Amino acid sequence: MPDNEFQQRRARLLECFPTLQLDSFLVTHLPNVHYLTGFTGSNAMLLAAPGRDILFTDPRYTIQAAQETTCHVVTVRGPMLPKVVAAIARHKLQMLGLEAAYLPHLTHQFLREKLPLRHEFKLIAGQIEQHRMVKSASELARIERAVATNSKALDAVLKRIRPGLREMDLAAEIDYRSRREGASGPSFETIVASGVRAALPHARPTANPIEPNQLLLIDMGATREGYTSDMTRTLGIGKPSTFWKQTYRAVLESQLAAIEAIRPGVKASEPDRAARQVLEQHGLEKTFTHSTGHGLGLEIHEAPRLGRKEKTKLLEGMVVTVEPGVYLEGKGGIRIEDTVLVTRTGCRILTPTPKEWMVL
Ligand code: ZN
Ligand code: ZN
């Protein structure tokens, strides 16, 4: 990531201060700290204020913070908040923004007690997240590498999939291959669900064996250079019934319709509506129980969400998943998920893995 990109991001946040009526912002959500500073450690807060961005962290990260960020770094032994309060007082900051969605009650309480009475707080929701929705060229390059890594990992395990292999062993194999392909780790807990368990949209891999003549659902993501990826494929094992083949076709049609609906300017509810419409034609709409997709980037779930009531307009540079599914209790389930980039004229599917009906 070019160094000045982080500076530009902080400058962009500062530009919002007059509108938000702030003179400073305490960023406590780590992915937002990472986004604004480049620092990737596990303990940090950023106090953003004109001319004085201060990154607070602890002594484990002294060397790393100096390497990763151009912010002024304060290394704190013990509790961090008293030092933050001292800095706020020293710089006479008076209107502090706090991250509404990520503010622990105790932090809020501490700031209320320790800062002078004239000090104002403002709870801000989603400001940085909104900036994060549109990806820069360097972020996009990282996401594309994460997506490629994820697909290579699936390629590498396909030949090992057979009835009798335990779901958890396949999940472990996927995580291992993913790391061998360059991932720093999975973007979320890998889902491997065979047979009736594929009806659970977020199934945990179990010690159950992969069943013959059933479906196998795999949902996996590789994190690389801080950025996530996300893909679901559903495969037939042995001789699945023609019902599954037909249902798969309906889900694929639904997924393609949603992708077709993605372009700049449309509401994030549009692709969701397109996906549901197709499933409705097949009498399957009631079995699709989650939203059609989500943004991804530094986090696996980011704005915008592709859901029924979303009003956010899609913009060039947003990266979203498209993942309609059908879930039939006691039978099984199908989901097909790709990662898609909103382009100037429409969209581009980033996931290279084929998604035609496949039987192993
Ligand atoms: Zn997924
Ligand atoms: Zn997803």
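Structure shown above.
Fair warning: this is a prediction, and the values are worked out from it, not measured in the lab. (Residues numbered from 1 in each chain as written. Chains lettered and ligands numbered in written order. Predicted model: local features only at pLDDT ≥ 70, side-chain atom pairs only at ≥ 80, totals over all residues. Heavy atoms only, no water.)

### Some details on the coordination of the zinc ion (ligand 1)
Distances from the zinc ion (ligand 1) to its protein donors, Asp 219 (OD), Asp 219 (OD), Asp 230 (OD) and Glu 337 (OE), fall within 2.0 to 2.5 Å. Classification of the site at the zinc ion (ligand 1) as irregular follows from its four donor atoms and the range of 56 to 146° in their angles at the metal. Here the zinc ion (ligand 2) and the zinc ion (ligand 1) are spaced 3.1 Å from one another, each receiving a donor from Asp 230. With a gap of 118 residues between them, Asp 219 in strand E9 (residues 214-220) and Glu 337 in the loop between strand E16 (332-335) and strand E17 (338-342) connect regions that are remote in the sequence. Each member of the pair, Asp 219 together with Glu 337, is buried. (Donors = N, O, S within 2.8 Å, 3.2 Å for Na, K, Ca; no water. Tetrahedral: all angles 85-135°; square planar, octahedral: opposite > 155°, others 65-115°. Helix = DSSP H or I, 4+ residues; strand = E, 2+ residues; numbered from the N terminus. Buried < 20%, exposed > 50% of the residue type's maximum accessible area, 1.4 Å probe, protein only.)

### Some details on the sheet that holds E9
Spatial strand order, E8-E9-E11: three strands in an open sheet with antiparallel pairing. Bordering the open sheet on either side are strand E8 (191-194) and strand E11 (231-237), each of which pairs with just one other strand. Taking the axes of each pair of neighbouring strands and ignoring which way they run, one obtains an average angle of 15° across the sheet. Two elements, E9 and E11, share seven bridges in a ladder whose sense is antiparallel. (Pairing = 2+ DSSP bridges. Axes fitted to C-alpha atoms, helices over the stretch in contact; angles between N-to-C directions.)

### Topic: the coordination of the zinc ion (ligand 2)
Protein ligation of the zinc ion (ligand 2) involves Asp 230 (OD), His 294 (NE2), Glu 323 (OE) and Glu 337 (OE), the donor distances falling in the range 2.1 to 2.2 Å. Taken together, the four donor atoms surrounding the zinc ion (ligand 2) define angles of 77 to 151° at the centre, an arrangement classified as irregular. Along the chain, the residues donating to the zinc ion (ligand 2) fall in the pattern D-x63-H-x28-E-x13-E.

### Let's talk about the layout of surface pockets
Roughly 270 Å³ of volume is contained in the largest pocket. Looking at the largest pocket, it is lined by 18 residues, and the ones nearest its centre are His 202, Ser 291, His 294, His 301 and Glu 323. Sorting the residues of the lining of the largest pocket by element identifies strand E12 (293-295) and strand E13 (302-306) as the ones contributing at least two each. In terms of residues, the lining of the largest pocket owes the most to one element, E13, which gives four residues. The residue makeup of the lining of the largest pocket, split by class, is six nonpolar, six polar and six charged. If you add up the space inside the second largest pocket, you get close to 180 Å³. In the lining of the second largest pocket, the residues fall into four nonpolar, four polar and one charged. Counting contributing residues, the lining of the second largest pocket receives three or more from each of domain 1 (3-132) and domain 2 (137-349). (1 Å grid on protein atoms, 1.4 Å probe; cavity = no way out; pocket = protein on both sides within 12 Å on 5 of 7 lines; lining within 4 Å. Points joined across faces, edges and corners; volume = space filled by probe spheres on them. Nonpolar A, V, L, I, M, F, W, Y, C, P; charged D, E, K, R; others polar. Domains from an automatic or database assignment.)

### Structural notes on the packing of helix H10 (residues 242-260) against helix H11 (residues 269-281)
Taken N-terminus to C-terminus, the directions of H10 and H11 make an angle of 155°; their axes are 7 Å apart at the nearest point. Judged by the angle between their axes, H10 and H11 are roughly antiparallel. The crossing of H10 and H11 is right-handed. Here H10 contributes Ala 250, Val 251, Glu 253, Ser 254, Ala 257 and Ala 258 to the contact with H11, which in turn contributes Pro 271, Ala 274, Ala 275, Val 278, Leu 279 and Gln 281. Its residues assigned to classes, the contact of H10 with H11 comprises nine nonpolar, two polar and one charged. (Parallel < 35°, antiparallel > 145°, perpendicular 65-115°, else oblique. Left-handed = near helix turned anticlockwise from the far one by under 90°. Contact = heavy atoms within 4.5 Å.)

### A few points about the side chain of Asp 58
Here Asp 58 lies in the loop between strand E3 (54-57) and helix H4 (62-68). At 2.9 Å, the side chain of Asp 58 and the side chain of Arg 60 are in polar contact. Beyond its immediate sequence surroundings of up to four residues, Asp 58 is in contact with Asn 43, Thr 75, Val 76 and Met 80. (Polar contact = N/O pair within 3.5 Å; in protein donor to acceptor, adjacent residues only side chain to side chain.)

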